[in-house]
Number of protein chains: 2
Amino acid sequence: MAPKSVSTPAELPADDPRHAARATRSAGRQMRSRLLDAASRLFRERGLAGTSISDIAAAADAFPSQITYYFRTKEALFVEAACREMLYVARAAEEAALQAHTPRDYTRVLVETVTATDSVAFFTEALTLTRRRQDLAPLVERTIERLHGEGMRAYASQIERHGWKSLRDPDASSRRFWALAVGVMVEGYAMGRSAEDLCEEMLRVLGDQAATRPAGDAARLHLVSGREVSDSESPDGEKSP
Amino acid sequence: MAPKSVSTPAELPADDPRHAARATRSAGRQMRSRLLDAASRLFRERGLAGTSISDIAAAADAFPSQITYYFRTKEALFVEAACREMLYVARAAEEAALQAHTPRDYTRVLVETVTATDSVAFFTEALTLTRRRQDLAPLVERTIERLHGEGMRAYASQIERHGWKSLRDPDASSRRFWALAVGVMVEGYAMGRSAEDLCEEMLRVLGDQAATRPAGDAARLHLVSGREVSDSESPDGEKSP
């Protein structure tokens, strides 16, 4: 289900209607967020089938009817909670990666952050669910657009800031990053692998994303990714011996 | 559940015990395979939650007790059916790709075959399920090992046969291929994308896997995958000018 614009349950008669509307809107937002927090925690621990609406209500100190009021169904709540966690982990990864000084550090910090939690596995479960519940697809679609859009912008701005050279166009780079994260983590979680193993496996299949610019070298390294081969690029910025 | 060695239900008294054992073993194998066929069809159409053991029994013209006899639970049958389909599509892709004459054709045929069916999405659902059902992990683990092992061998033999040059080590190449297939297809199925769109998206994020050897030209291409950058290697098999 797409998140509705927050409705204002008009429970309280009030002297100043605008004030009351603001207060209930804000209370509504807080309750929504509290329900999402509790749902995320329980869904991650026990999965969709292992969690009931009344478990979530109890954990959030709320009534089951509040869940159906804000989210309609358990599946819609699952997908919304997973989408939120996916955007959180993506943002956390980008923030952590701001500290990186080389393209390889940058990639490593991104991958470490993303593989340290099960957010990607949670989101993958939401994708799998959405296949059978196309009514939930619009929310997933918006999440994926934001993920790629923000990922691409963060990546492009890092590239520009450091004067690195991307090995592919930033949009393909971001899509490739997240597709590999999903593929590596859904397999890794099925096999019960550790976060460290997931991190190493993802770094291994991901390879380099960007390169430092050459310091005017004689080596001629050609880009052999995607469809371009260019003379002026050096993926590692290394000099000829 | 790991597939047990096929048991022989000793229903028939027989004159020649060896003959009878062979006959029941073979009947058992046929029934098992018929149940897997029916289960695959229904699970793909309706998902795990939308399919019951009695639906599958009815579709296979069998009794529900035969399903529990051979597979124990619906979830174990789901995972075994999905693993079998995944190995089938991998083999179909390798066979189709035997006809390819260039590295780019080879990759395209692989990707076209893999994105033409929902086997990868089916398998991803099994991976997601296995996360919560670690008793099913051994079968998934063996499937993934076969997938990567056979994929790597098929790829390496194509590379050798045509004298191509792989852009990464064949094992990483195979793992990367399947991780991207899972990532692209689980997202694409959630969004209801067409097989053509999935194919183009996967080709885009996958990029080149191998290159032809040069007919002796002046370009110098260096291997820039994983952690190695070596001066003596050339992904295109090209010599220094």
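Residues numbered from 1 in each chain as written. Chains lettered and ligands numbered in written order. Predicted model: local features only at pLDDT ≥ 70, side-chain atom pairs only at ≥ 80, totals over all residues. Heavy atoms only, no water.

A. Broad picture of the overall build of chain A. On a plain count of helices and strands, chain A comes out with 9 helices and 2 strands. Scanning chain A from its N terminus toward the C terminus, one meets helices and strands in the order α-α-α-α-α-α-α-β-α-α-β. By residue count, 54% of the 241 residues in chain A fall in the buried class. Nonlocal contacts in chain A, meaning residues at least 24 apart in sequence, comprise 67% of its contacts between residues at least 6 apart. (Helix = DSSP H or I, 4+ residues; strand = E, 2+ residues; numbered from the N terminus. Buried < 20%, exposed > 50% of the residue type's maximum accessible area, 1.4 Å probe, protein only. Contact = heavy atoms within 4.5 Å.)

B. Inspection of the side chain of Arg176(B) at higher detail. Turning to its location among the elements, Arg176(B) is positioned in helix 8 (residues 170-190). Although Arg176(B) is buried, it makes no salt bridge; Asp208(B) carries the closest opposite charge, 9.2 Å away. Every residue in contact with Arg176(B), bar those within four places of it in the chain, is listed here: Arg176(A), Leu180(A), Val205(A), Arg168(B), Val205(B) and Leu206(B). (Lys, Arg positive; Asp, Glu negative; His and termini not counted. Salt bridge = Lys/Arg side-chain N within 4 Å of Asp/Glu carboxyl O.)

C. Spatial organisation of the nonpolar core. By size, the foremost hydrophobic cluster in this structure holds 132 residues, and its most contacted members are Val140(A), Trp178(A), Val140(B) and Trp178(B). Residue contacts for Val140(A): discarding those within four places in its chain leaves Val79(A), Cys83(A), Phe123(A), Leu127(A), Thr130(A), Ala190(B) and Met191(B). (Core = buried A, V, L, I, M, F, W, Y, C linked by side-chain atoms within 4.5 Å.)

D. Here's a closer look at a positive patch on the surface. Residues and elements named next belong to chain A. Taken together, Arg18, Arg22, Arg25 and Arg29 make up a surface patch of like positive charges. Tracing the backbone shows Arg29 in helix 1 (residues 17-46). Take Arg29: its relative accessible area is 48%, and that puts it in the partly exposed class. (Patch = residues over 30% accessible without salt bridge, like charges linked within 9 Å, V, L, I, M, F, W, Y side chains within 5 Å. Areas by Shrake-Rupley, 256 points an atom, 1.4 Å probe, with all protein chains shown as cover. Charge placed at Lys NZ, Arg CZ, Asp CG, Glu CD.)

E. Representation of the environment of Ala21(B) in the model. With respect to the helices, strands and loops of the structure, Ala21(B) is situated in helix 1 (residues 17-46). Residues Ala21(B) and Arg104(B), 83 residues apart in the sequence, show an inter-C-alpha distance of 50 Å.

F. Spatial organisation of the packing of aromatic side chains. A full pass over the atoms with the stated rule returns 14 aromatic pairs over all chains. Relative to Tyr70(B), the ring of Tyr69(B) has its centre 4.9 Å away and its plane inclined at 80°; by these criteria the two rings are edge-to-face. A connected cluster of aromatic rings, assembled from ring pairs, spans Phe43(A), Phe78(A) and Phe122(A). (Phe/Tyr/Trp six-rings, centres within 6.5 Å; stacked < 30°, edge-to-face > 60°.)

G. Examining the environment of Gly47(B) more closely. Structurally, Gly47(B) is set in the loop between helix 1 and helix 2 (53-59). Given the relative accessible area of 2%, Gly47(B) is considered buried. The sequence separation of Gly47(B) and Phe78(B) amounts to 31 residues, and the corresponding C-alpha distance is 9.2 Å. Residues within four places of Gly47(B) in sequence aside, it is in contact with Arg132(A), Leu42(B) and Glu125(B).

H. Region of the structure containing helix 5 (residues 103-115) of chain A. Between its first and last C-alpha, helix 5 of chain A extends 18 Å over 13 residues, near the 18 Å set by a 1.5 Å rise per residue. Lining the buried residues of helix 5 of chain A we find helix 4 (74-97), helix 6 (119-132), helix 7 (137-162), helix 8 (170-190), helix 9 (195-206) and strand 2 (210-211) of chain A. (Expected span 1.5 Å × (residues − 1).)

I. Representation of the packing of helix 4 (residues 74-97) of chain B against helix 5 (residues 103-115) of chain B within the structure. Residues and elements named next belong to chain B. Across the interface, helix 4 lies against helix 5 with an axial gap of 8 Å and an inter-helix angle of 145°. Between helix 4 and helix 5 lies a crossing whose hand is right-handed. On helix 5, the residues touching Val89, Ala92, Ala93, Glu94, Ala96 and Ala97 of helix 4 are Tyr106, Val109, Leu110, Thr113 and Val114. Here the contact of helix 4 with helix 5 is built from residues that sort into 9 nonpolar, 1 polar and 1 charged. (Axes fitted to C-alpha atoms, helices over the stretch in contact; angles between N-to-C directions. Left-handed = near helix turned anticlockwise from the far one by under 90°. Nonpolar A, V, L, I, M, F, W, Y, C, P; charged D, E, K, R; others polar.)

J. Highlighting the domain arrangement of chain A. Residues and elements named next belong to chain A. When the domains of chain A are assigned, the result is domain 1 (24-71) and domain 2 (78-213). A separation of 26 Å is found between the C-alpha centroids of domain 1 and domain 2. Taken together, the contact between domain 1 and domain 2 spans 10 residues of the former and 11 residues of the latter. Carbon and sulfur atoms make up 53% of the area that domain 1 and domain 2 hide from each other, which totals about 940 Å². By the criterion of area lost to domain 2, the three top residues of domain 1 are Leu36, Arg44 and Leu48, representing 58% of everything that side buries. (Domains from an automatic or database assignment. Buried area = accessible area lost by both parts, 1.4 Å probe.)

K. Molecular detail of the environment of Asp135(B). All names here are of chain B. Mapped onto the elements, Asp135 comes out in the loop between helix 6 (119-132) and helix 7 (137-162). Of the residues examined, Asp135 reaches a relative accessible area of 37% and is grouped as partly exposed. Among the polar contacts listed, one links the side chain of Asp135 to the side chain of Arg133, at a separation of 2.9 Å. (Polar contact = N/O pair within 3.5 Å; in protein donor to acceptor, adjacent residues only side chain to side chain.)

L. Fine view of unusual backbone geometry. Phi is positive for Arg72(A), which is not a glycine, with a value near 75°. Looking at Arg72(A), the relative accessible area reads 48%, which means it is partly exposed.

M. Looking closely at the UniProt feature "domain: HTH tetR-type" (unreviewed entry) in chain A. When the UniProt feature table is mapped onto this chain, "domain: HTH tetR-type" (unreviewed entry) is found at residues 29-89 of chain A. Helix makes up 80% of residues 29-89 of chain A and strand 0%. Its end C-alpha atoms lie 21 Å apart. (UniProt positions renumbered as here; feature names shortened; annotations may be inferred.)

N. Seen up close, the confidence of the model for chain A. All names here are of chain A. Per-residue confidence for chain A gives a mean pLDDT of 84; residues scoring 70 or more make up 81%. Contacts from residues 1-13, a stretch scored under 50 in pLDDT, to residues over four places away or in other chains number 27 contacts. This model gives residues 216-241 a pLDDT under 50, and the stretch forms 62 contacts once residues within four places in sequence are excluded. Scoring the predicted complex yields pTM 0.80 and, for the interface, ipTM 0.79. (pLDDT = per-residue confidence, 0-100.)

O. View of helix 7 of chain B. Between its first and last C-alpha atoms helix 7 of chain B spans 37 Å; for 26 residues at 1.5 Å apiece the expected length is 38 Å, and the two agree. Two residues or fewer past helix 7 of chain B, Gly163(B) is found with a positive phi of approximately 70°.

P. Representation of the pattern of salt bridges within the structure. Under the counting rule described, the total for this entry stands at 42 salt bridges over all chains. Glu85(A) serves as the salt-bridge partner of Arg44(A), at 2.6 Å between the closest nitrogen and oxygen. Here Glu85(A) lies in helix 4 and Arg44(A) lies in helix 1, a separation of 41 residues in the sequence. According to the relative accessible area criterion, Glu85(A) is buried, its value standing at 11%. Close ionic contact of Arg133(A) with Asp135(A) constitutes a salt bridge, the shortest N to O distance being 3.0 Å. With relative accessibility at 24%, the residue Arg133(A) sits in the partly exposed group. Three or more residues joined by partner-sharing salt bridges are found here, namely Asp37(A), Arg44(A), Arg84(A), Glu85(A), Asp118(A) and Arg131(B).

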